[in-house]
Each structure stands twice: as structure tokens, then as C-alpha cells.
Amino acid sequence: MSEQKTLVLTGASRGIGHATVKRFGAEGWRVLTCSRQPFDPRCPWPGGEANHIQIDLGDPNKTIEAIETIRERVGGKVHALVNNAGISPKGPDGERLNTLTTDLRTWGQVFHVNFFSSVILARGLQAELTAAKGCIVNVTSIAGSRVHPFAGAAYSTSKAALAALTREMAHDFGPLGVRVNAIAPGEVETAILSPGTDQIVQRLPMQRLGQPREVADAIWFLCSEQASYISGAEIEVNGAQHV
């Protein structure tokens, strides 16, 4: 009997993260979920509560402390780390926060969750990823490469930084046998969408929103044997919005 593989996933409680749990669970993987929310008993996967770690990725000290908890839980091997957690704060009336209106503390919080936590987790789980000859997938965004009508400046620049980090990590982790890639979703039907998204959808070549499971499928592909020689790539999952 082959060993059960282990996925460590941040931002698991909804949207793309939720779909990723279901996708890997269907393939027989053990999924260790990390999010700032406590485990929701309504979640539909078996053993979910035992494999959940409540962690505030906006707090660097708590993120570093959580590494030991994760290492104890995974038992020596991590076959995939998916850095999916992300926050995109808005103004008091739901407006986009730009470079002129984003408070410095907000910049810091966004970068801790969207960027620094990925470095901390990858480095903290280096031995477990190496032992499994595993892989890392960073979830970036179309907003990382262009000004987006809804995504704020801190969110967008954190995702651009995460794309650059993916290249750096692919270079550094490659000799360890660990692949590192990113996926950049566009307009996906999740709770993070802003009012007015329907106007963007009309201009998309495919003229529809993406579904969370379609993004989860791309993550699955990058973590599978089919992607064994793909590293340092950022795959656009946006229905040709980027063209």
C-alpha cells in the first residue's frame, strides 16, 4: 500500500481553499488546513477537525510558533504546501485602497498574510518538503501584474512580490528536489469578489467567472506527477483575461 500524501494548505475555509481541500481529499491525500478561523463542523470532509490548525498569518510571531505545531502533525513529510491565504482590505465604504489611501499598518498586515507567511512556512517546513521531494504552490493574482479596479495597492503589490518569491524559491529549493510554482487566478466566483465584477465579466474573452474547482484543478496538476519538470512557473487561470 502506498503512503498517504500530506498537503498543508493556508486559507482553507472558503473559496479556492475550500475547493482545494475537496480536490486533494478526493485523491486520498491527508489535508492539514491552516486558517485564522476555527474549524467549522459544517465542513464536508472526514477528519477535518483533527487536521485543522488555527493560525493568524497576520502575526509573524504566531506564524513562526505554528511551524512546530505543523511539524508535529505532519510526521516528517509534506508532499505539498499551498500558500493560498490572502487578504484585500477595503476602505470604509468598500472602496479600493490605493497607494495614497492605504495606512502603513495595513500595508504591513497585508504583506504578512499574503507574502511573508509563505516564506516562513516554506522555510520552516524545508526538511519535510525535502524528505517528500514535495512541491510548493503560491496563489498569486492577475492583480499582481496590472492595476485592478477592485484589488487594492497593498494586495496587488504583495501578489507581485509573491510571484517574484516563487522564482527565487524555485531556484533555492530546486537542488533539494522541491518544485515551486504559482497560479494567478483572475475573476473567480468566491466571497472576495467586489460589487461591479459583472462589468469585468462582460469584457472577458470567455465571458464568465472562473469556478473555485477550476483553480483547484490547476493546483492539483502542479502538485501531481504530471508536473514533475515544471518549476518556477506562474500559470494564469483567468479565462484569457490577461491577454
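For the structure itself, consult the block above.
Attention here is on the structure that accompanies the text. (Residues numbered from 1 in each chain as written. Predicted model: local features only at pLDDT ≥ 70, side-chain atom pairs only at ≥ 80, totals over all residues. Heavy atoms only, no water.)

1. Describing the pattern of salt bridges
Tallied over the entire structure, the rule returns 7 salt bridges. Note that Glu3 is salt-bridged to Lys77, the shortest N-O span being 3.5 Å. Taken together, the positions of Glu3 in the segment before strand S1 (6–10) and Lys77 in the loop between helix H2 (60–74) and strand S4 (80–83) put the pair 74 residues apart, joining distant regions of the chain. Classification of Glu3 as partly exposed rests on a relative accessible area of 46%. Among the residues examined, Lys77 registers a relative accessible area of 30% and is labelled partly exposed. (Salt bridge = Lys/Arg side-chain N within 4 Å of Asp/Glu carboxyl O. Helix = DSSP H or I, 4+ residues; strand = E, 2+ residues; numbered from the N terminus. Buried < 20%, exposed > 50% of the residue type's maximum accessible area, 1.4 Å probe, protein only.)

2. Some thoughts on the nonpolar core
Nonpolar side chains tend toward joint burial in soluble globular proteins. Within the largest apolar cluster, 31 residues are counted, with the highest numbers of intra-cluster contacts made by Val8, Ile70, Leu81, Leu129, Ile136 and Phe173. At the level of elements, strand S2 (30–35), H2, helix H3 (104–124) and helix H5 (153–173) are the ones that each hand at least two residues to this core. Among residues more than four places away in sequence, those in contact with Ile70 are Val8, Leu32, Cys34, Ile53, Leu121 and Leu125. Formed by 23 residues, the second largest nonpolar core is a distinct cluster that contains Leu9, Ile16, Val31 and Val237. (Core = buried A, V, L, I, M, F, W, Y, C linked by side-chain atoms within 4.5 Å. Contact = heavy atoms within 4.5 Å.)

3. Comments concerning the sheet that holds strand S6 (residues 179–185)
Overall, parallel pairing links the 7 strands, which are arranged S3-S2-S1-S4-S5-S6-S7 in an open sheet. The open sheet is flanked by strand S3 (52–54) and strand S7 (234–237), the only strands paired with a single partner. Each neighbouring strand pair of the sheet contributes to a mean axis angle of 15°, computed without reference to strand direction. Judged from the 5 bridges that link them, strand S5 (residues 135–139) and S6 form a sheet pairing that is parallel. Across the sheet, the residue bridging to Asn138 is Ala182, located in S6. Contacts between helix H1 (residues 15–26) and the sheet are confined to S1, S2 and S6, with S1 contributing the most and set at about 175° to the helix. (Pairing = 2+ DSSP bridges. Axes fitted to C-alpha atoms, helices over the stretch in contact; angles between N-to-C directions.)

4. Topic: the packing of H2 against H3
Following both chains from N to C, one finds H2 and H3 inclined at 35°, their axes separated by 10 Å at the closest point. The chirality of how H2 crosses H3 is right-handed. Here Pro60, Thr63, Ile64, Ile67, Ile70 and Arg71 of H2 lie close against H3, whose contacting residues are His112, Ser117, Ile120, Leu121 and Gly124. Of the residues contributing to the contact of H2 with H3, the split by class is 6 nonpolar, 4 polar and 1 charged. (Left-handed = near helix turned anticlockwise from the far one by under 90°. Nonpolar A, V, L, I, M, F, W, Y, C, P; charged D, E, K, R; others polar.)

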